[in-house]
Amino acid sequence: MSAIPTRLTANWHTWLAPVLSVLLLCVVVLVVHREIQHFHLRAMVEYLRQIPASELIAAALCTIGSYSLLTLFDFSGLHYIQKRLPYGRVALSSFIAYAIANNAGASALTGAAMRLRLYTAQGLTGTEVATLQGFCSLTNALGIGTLSALSILFARDQSVTIFNVLGPWTWVCGVLLLGAIAAYVGWGSFAGRGIVFRGWSLRPPGPVLAPLQVVLGSVELAIACTVLWTLLPSDARIGLPAFVGVYAVAVAAGIVSHLPGGVGVFESVVLLALPDTPRNQLLGALLAYRAIYYVAPLITAGVLFAAMEIYEYRHRFGQVGSLVTTYVTRVSPQIVGTLVLLAGVVLLVSGATPALEPRVSVLRDLLPLPVLEMSHLIGSICGLGLLVLARALYRRVREGYQLAVALLIAGIIASLLKGLDYEEAGVLAIVLAVLWLGRSAFHRPASIMEERFTPMWTVGILGALGAVSWISYFAHRHVQYSNELWWTFAFSASAPRALRTLLLTALAAATFLTMNLLRPARPQPELPSAKELERARTIIDRCDDTLANAALCADKRLLFAPKDDAFIMYQVARRSWVALGDPVGEPARYEELIWRFSEIADRHGGWTVFYQASSERVPLYVDFGLTPVKIGEEARVPLANFGLEGRERRDIRQAHARAAREDATFEVVPIEAVPPLLPELRAISDAWLKEKSTSEKGFSIGAFDEPYMRQFPVAVVHRQGATVAFANLWTTRSRAELSVDLMRFSPGAPHGVMDFLFTELMLWGRAQGYQWFNLGMAPLAGLDLHPLAPAWNRIGSFVFRHGEHFYNFEGLRNYKAKFGPVWNARYLAAPTGLLVLPRVLADISVLIAGGVKELVKR
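What counts, and where the lines are drawn
Residues numbered from 1 in each chain as written. Predicted model: local features only at pLDDT ≥ 70, side-chain atom pairs only at ≥ 80, totals over all residues. Heavy atoms only, no water. Buried < 20%, exposed > 50% of the residue type's maximum accessible area, 1.4 Å probe, protein only. Helix = DSSP H or I, 4+ residues; strand = E, 2+ residues; numbered from the N terminus. Arc of directions from axis to C-beta. Contact = heavy atoms within 4.5 Å. Polar contact = N/O pair within 3.5 Å; in protein donor to acceptor, adjacent residues only side chain to side chain. Phe/Tyr/Trp six-rings, centres within 6.5 Å; stacked < 30°, edge-to-face > 60°. Lys NZ or Arg CZ within 6 Å of the ring centre and 35° of its normal. Axes fitted to C-alpha atoms, helices over the stretch in contact; angles between N-to-C directions. Parallel < 35°, antiparallel > 145°, perpendicular 65-115°, else oblique. Nonpolar A, V, L, I, M, F, W, Y, C, P; charged D, E, K, R; others polar. Core = buried A, V, L, I, M, F, W, Y, C linked by side-chain atoms within 4.5 Å. Salt bridge = Lys/Arg side-chain N within 4 Å of Asp/Glu carboxyl O. Patch = residues over 30% accessible without salt bridge, like charges linked within 9 Å, V, L, I, M, F, W, Y side chains within 5 Å. Areas by Shrake-Rupley, 256 points an atom, 1.4 Å probe, with all protein chains shown as cover. Pairing = 2+ DSSP bridges. Right-handed = clockwise from strand over helix to strand, strands pointing away.

Help me understand helix α15 (residues 357-364) in this model?
One full turn of an α-helix is made of 3.6 residues, so residues set three or four places apart face in the same direction. Within α15 the residues assigned to the buried category are R359, V360 and L363. Each buried residue of α15 lies within a common arc of 100° when the element is viewed along its axis, so the set occupies one face. Contacts from the buried residues of α15 go to α16 (369-394), α17 (398-419) and α18 (422-437).

Encoded structure:
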């Protein structure tokens with residue numbers, strides 16, 4: 001008996017990166033554990049209380065300055081891609097993106113996702129946003145490198161003492177690093193051409209932007225460094241120039257780790273670099289730095305977004321509520337998901353550490369002990385629940401929103417009952433307010449139990465629980481362990497409470513994750529049944545786009561909306577789950593369908609791809625983190641004024657007249673009269689395939705299959721009583737569009753028979769009241785060759801002009817152009833990644849060709 005594959009075993013390779021992250025986190029924990037052996041929580045809290053208000057204000061002002069300079073990263077990046085946006089909009093988008101990316105893991109990817117969501121609403125394309133993200137990341141890297149080099153060169157004695165690794169080679173490393181940055185500035189200022197690497201290009205920024213990148217990156221990092229340096233204890237005995245190098249290395253290590261905010265890694269570097277600073281005070285400074293530079297901007301990001309938009313529309317104060325809801329909803333899934341995640345961590349850490357004794361003394365006179373004990377446990381369970389729900393909120397699940405509201409309210413009550421922790425309750429209340437403001441964004445009816453936890457998310461939850469356990473150990477390590485601790489109940493017994501809470505929380509997490517991971521992996525969907533094809537037909541009849549008829553080929557899988565008023569047609573090739581065109585049916589169901597499709601692909605370790613997506617739906621795909629790439633243009637001929645008159649129709653008129661002189665006649669055979677013609681049409685199709693030395697295609701092109709052919713009218717061309725050419729017609733009941741799928745002719749067909757067939761079809765369509773005739777897509781046509789265009793455009797344009805051996809791209813475009821069509825862009829929406837696009841294109845080519853063997857045939 002074969003084992004049933006589970007979610008854990010079906011995609012084991014996806015666990016490699018999370019496991020490496022866990023190993024790195026373990027190393028960090030060991031380093032921190034060794035460095036703070038004599039750490040005392042009370043001493044750290046005492047230091048936090050003693051930080052002068054002037055230092056806190058200075059740190060806050062430096063934080064404002066740092067984030068202000070970060071907005072200039074985006075502003076100068078927009079100049080690089082030659083886009084002009086108002087600085088206010090740029091500053092708002094930049095602040096939100098950085099506030100979230102700084103707190104999340106894989107900050108570059110998170111920042112790119114946020115910029116996609118914010119800047120595409122302001123007219124930027126996915127490629128432009130990706131270029132902007134790369135510019136900002138490079139600016140940040142230049143700042144880190146510059147300050148590290150300067151710190152080594154001009155604070156060398158302290159640098160050698162601090163790092164104590166490279167010894168006399170430290171100076172050499174500083175010179176090489178500074179030389180590399182100088183080389184970049186020289187190339188960026190004076191080079192006449194860009195650098196191309198594996199299909200990707202980097203254009204020189206110019207003599208203004210290149211030095212500006214170094215200056216902006218360096219000044220911003222120095223100001224951010226000043227936030228922490230200001231909070232350091234007075235006996236840290238390190239100057240700002242030397243500490244800048246420590247800070248730069250710590251930030252770089254945090255970025256490389258991909259851990260949320262570089263938490264642990266950043267602290268480890270600082271602890272190792274400052275061995276003579278008292279551990280308790282240094283950890284207090286790091287904690288204050290985290291709160292000021294990371295948490296406060298994150299909470300402010302969502303509130304500021306709504307406030308600035310309300311100010312812009314201040315003349316409409318009567319609609320303040322709807323304005324706040326509208327603008328917060330734009331980014332609420334990302335903001336709220338991150339905030340809820342942090343709220344969960346706050347509750348877990350609070351449950352693992354002792355409450356302040358004076359506040360517990362007040363509660364002793366007001367509450368019975370069981371209430372305090374239960375509040376402690378409930379608070380931690382709520383924290384775990386919020387960690388779990390954060391992913392559902394990212395995915396806009398309505399049930400996740402409802403549960404998160406309930407848990408946040410329960411967490412606020414528990415925070416007050418277990419230790420009068422009004423600061424913690426206030427943070428949770430702010431998160432609850434932002435969640436409520438963006439409530440309309442959480443509309444998906446999916447079940448929480450159906451949400452698949454990715455390896456990284458699973459490892460993140462386990463890592464958070466492990467870190468909380470470690471924090472609890474240090475907070476209570478002065479308590480000697482004994483079995484009696486489990487059964488000790490008292491107002492002052494914080495260690496037993498933390499012990500019981502950790503155990504129950506760990507058991508709850510283990511139970512939930514085990515159920516989620518060991519659930520049998522869902523089988524891949526099957527090809528549609530006759531009943532499902534009939535359901536699809538009902539939806540197609542209400543559409544204006546003839547491409548929807550491709551679903552009736554029965555070679556694609558169908559994913560229906562719950563109300564059977566929309567569907568996605570797709571097929572799977574290796575890792576690519578490729579949907580053909582946009583979703584079909586009721587537009588209100590598109591977003592939910594795309595979510596479900598993405599989740600199914602994700603469960604099987606696949607990539608979500610949309611092939612031949614329309615330009616109207618590109619913002620929707622960008623919202624799902626997909627990058628749109630133009631793959632060609634679709635030709636649509638307006639039929640209202642179509643005719644053979646005029647100079648521009650001369651070639652068509654001559655080809656039509658030549659075929660008519662050779663006794664060619666045209667007829668549209670209705671659906672009910674098609675079956676008797678099928679044997680004759682089959683013979684024409686077989687002869688055409690043999691002459692072309694090819695086989696049937698698939699996916700975006702139909703194949704000659706009798707059940708498929710019986711579903712459509714057929715346009716035929718006769719010559720002397722014999723059928724010599726045919727094309728099955730894709731129509732719409734609204735008569736918005738008419739197009740053809742299979743087009744085949746016999747060896748005895750007159751010259752120019754396809755011109756004759758198309759011309760007669762357009763004239764017939766005009767007479768029948770159709771608005772457009774769709775000639776199909778011209779692959780790789782219309783790709784922009786602007787100097788700032790992505791490398792894919794140059795590659796595609798080269799193939800378009802010189803790829804005759806594989807396909808006559810340019811000839812096909814010129815053929816369709818003579819009918820005077822309107823050209824509409826078509827896109828491929830796929831995940832971002834250096835090697836993803838070539839693999840996705842290869843998978844789609846295999847789907848259309850009908851197999852790898854057929855693909856390599858000419």
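Sorry if this is basic, but what is going on with the side chain of K556 here?
Checked against the element boundaries, K556 lands in the loop between α21 (530-540) and β3 (557-560). Exposure remark for K556: the relative accessible area of 0% places this residue in the buried category. A polar atom in the side chain of K556 sits 2.6 Å from the side chain of D555. With residues near it in sequence (within four places) discarded, K556 still touches L527, P528, A550, A551, M569, Y570, Q571, L580 and F699.

How should the packing of aromatic side chains be read in this particular structure?
Describing an aromatic ring pair means giving the distance of the ring centres and the angle of the ring planes. Tallied over the full model, the rule gives 23 aromatic pairs. Ring pairing ties together the aromatic residues Y67, F95, Y247, Y289, Y293 and Y294, which thus form one cluster. Its guanidinium or amino end placed over the ring of F560, R535 lies 4.0 Å from that ring's centre, counting from NZ or CZ.

Teacher, can you tell me more about the packing of helix α24 (residues 650-661) against helix α27 (residues 753-768) here?
Direction vectors running N to C along α24 and α27 enclose 105°, while the axes themselves pass 8 Å from each other. Compared by their axis directions, α24 and α27 come out roughly perpendicular. Touching I652, A655, H656 and A659 of α24 are D755, F756, T759 and E760, all from α27. Among the residues forming the contact of α24 with α27, the class breakdown is 4 nonpolar, 2 polar and 2 charged.

Even after reading the chapter, I still don't get the nonpolar core, so can you show me in this structure?
Side chains of a nonpolar character, in soluble globular proteins, are inclined to be buried together. Residues L228, Y247, F266, Y289 and L435 are the most contacted members of the largest nonpolar core, which totals 87 residues. Counting residues per element, this core draws most heavily on helix α13 (residues 279-312), at 12 residues. Formed by 49 residues, the second largest nonpolar core is a distinct cluster that contains A551, Y611, V714 and A830.

Explanation requested: the environment of L372 in the structure shown.
Summarising the element assignment, L372 is placed in helix α16. Separated by 43 residues in sequence, L372 and S415 place their C-alpha atoms 9.9 Å apart. Residues in contact with L372, not counting those within four places in the same chain, are L363, L417, K418, F491 and R497.

Any chance you could explain the pattern of salt bridges here in plain terms?
Any two side chains of opposite charge can pair, so long as their charged atoms come close to each other. Going through the model one piece at a time under the given rule, you end up with 14 salt bridges. A salt bridge links R537 to D541; its shortest N-O distance comes to 4.0 Å. Two residues, E706 and R710, come together in a salt bridge whose shortest N-O distance is 3.6 Å. On the basis of relative accessible area, E706 is assigned to the partly exposed category, the value being 28%. Overlapping salt bridges bring together R537, D541 and R733 as one network.

Any chance you could explain a nonpolar patch on the surface here in plain terms?
Side chains of I57, L61 and I64 sit close together on the surface and give an oily, nonpolar patch of about 310 Å² of accessible area. Accessibility expressed as a relative area gives 53% for I64, which makes it exposed.

What should I look at first to understand the pairing of strand β13 (residues 772-779) in this one?
Two faces make up the sheet, and in a regular strand the side chains alternate between them. Of the strand pairs in this sheet, strand β8 (residues 627-638) and β13 are connected by 7 bridges, and their pairing is antiparallel. The partner of A635 across the bridge, within β13, is G776. Alignment of strand β12 (residues 737-745) against β13, held across 3 bridges, turns out to be parallel. Paired with S739 across the bridge in β13 is N774. Following the chain from β12 across α27 to the adjacent parallel β13, one finds a crossover that is right-handed.

Hey, could you run me through unusual backbone geometry in this one?
Most peptide bonds take the trans form, and the phi angle of most residues other than glycine is negative. The phi angle at R574 is positive, at roughly 55°, despite the residue not being glycine. Mapping R574 onto the fold places it in the loop between β4 (566-573) and β5 (576-580). Look at Q612: it is not a glycine, yet its phi comes out positive at around 65°. For Q612, the position within the fold is in strand β7 (residues 607-614). Among the residues examined, Q612 registers a relative accessible area of 10% and is labelled buried.

For this particular structure, what's the right way to read the side chain of R744?
The topology assignment puts R744 in strand β12. R744 gets classed as buried once you look at its relative accessible area, which sits at 5%. Among the polar contacts made by the side chain of R744, one reaches the side chain of S685 at a distance of 2.5 Å. Aside from chain neighbours lying at most four places away, what touches R744 is I684, S685, W688, L689, E696, F704, V724, A725, F726 and M754.

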